[in-house]
Amino acid sequence: MKTFIPAVTVERLHLFTGAVLILAGLLSYRTDSLGSMLSWCIFGAMYISMSDIGECRMCCTEKASHKHRTRVAAAYLGAGLSVWLLVTLLG
């Protein structure tokens, strides 16, 4: 069985996504309300706070599990969508 090795760790994706969401929140203050800005910033901070899932200490079996693969896919999806939000707010 081949081991799935992600190009980027989930921890780094969460840090990236959290930072982009905080930036998007700050930018949303220009066009939306204070509540919207705070919501995005809080959500970004939550992403950053959950960034340490211990991927570096996982064995090969754990990294190859469906649960972890789903977590990696969701991390990539979150990162992509946060960039889309940021680009939309910049435009």
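This section reports on the structure supplied with the text.

Each value, and the rule that gives it
- Residues numbered from 1 in each chain as written.
- Predicted model: local features only at pLDDT ≥ 70, side-chain atom pairs only at ≥ 80, totals over all residues.
- Heavy atoms only, no water.
- Helix = DSSP H or I, 4+ residues; strand = E, 2+ residues; numbered from the N terminus.
- Areas by Shrake-Rupley, 256 points an atom, 1.4 Å probe, with all protein chains shown as cover.
- Lys, Arg positive; Asp, Glu negative; His and termini not counted.
- Charge placed at Lys NZ, Arg CZ, Asp CG, Glu CD.
- Buried < 20%, exposed > 50% of the residue type's maximum accessible area, 1.4 Å probe, protein only.
- Phe/Tyr/Trp six-rings, centres within 6.5 Å; stacked < 30°, edge-to-face > 60°.
- Expected span 1.5 Å × (residues − 1).
- Contact = heavy atoms within 4.5 Å.
- Core = buried A, V, L, I, M, F, W, Y, C linked by side-chain atoms within 4.5 Å.

Topic: the overall build of the protein
Per the secondary structure count, the protein includes 4 helices and 0 strands. Shown N-terminal to C-terminal, the secondary structure of the protein runs as helices and strands in the order α-α-α-α. Taking the principal axes of its C-alpha atoms as reference, the protein extends roughly 50 × 25 × 15 Å. Of the accessible surface of the protein, which amounts to about 6,000 Å², a share of 69% is contributed by carbon and sulfur atoms. The distance from the centre of the 8 positive side-chain charges to the centre of the 5 negative ones in the protein is 7 Å.

Details of the environment of Leu-15
Relative to the helices and strands, Leu-15 is located in helix 1 (residues 10–31). For Leu-15, a relative accessible area of 41% translates into the label partly exposed. Along the sequence, Leu-15 and Leu-89 sit 74 residues apart, while their C-alpha atoms lie 20 Å from each other.

Considerations on the packing of aromatic side chains
For any two aromatic rings, the description comes down to two numbers: the centre-to-centre distance and the angle of the planes. Counted under the stated rule, the structure contains 2 aromatic pairs. Each ring, one from Phe-43 and one from Tyr-47, has its centre 5.5 Å from the other, and the planes form 85°; the classification is edge-to-face. Taken together, the residues span about one helical turn, with Phe-43 and Tyr-47 both in helix 2 (residues 34–49) at a distance of 4 residues. Clustering of aromatic rings is evident, with ring pairs tying together Trp-40, Phe-43 and Tyr-47.

A few points about helix 1
With 22 residues, helix 1 extends 31 Å from end C-alpha to end C-alpha; this agrees with the ideal 32 Å at 1.5 Å per step. Within the sequence span of helix 1, burial applies to Val-10, Glu-11, Leu-13, His-14, Thr-17, Gly-18, Val-20, Leu-21, Ala-24, Gly-25, Leu-27 and Ser-28. On its buried face, helix 1 sits against helix 2 and helix 4 (66–90).

Comments concerning the nonpolar core
Val-20, Leu-21, Ala-24, Leu-27, Tyr-47, Leu-85, Leu-86 and Leu-89 form the largest nonpolar core, which has 8 residues in total. Counting residues per element, the ones that place at least two in this core are helix 1 and helix 4. Setting aside anything within four residues of it in sequence, one finds Val-20 in contact with Ser-82, Val-83 and Leu-86. Within the second largest apolar cluster, 5 residues are counted, among which are Val-10, Val-72, Ala-75 and Ala-79.

As for helix 4
In this model, helix 4 (25 residues) spans 36 Å end to end at C-alpha, consistent with the 36 Å of a helix rising 1.5 Å per residue. Next to the buried residues of helix 4 lie helix 1, helix 2 and helix 3 (60–63).

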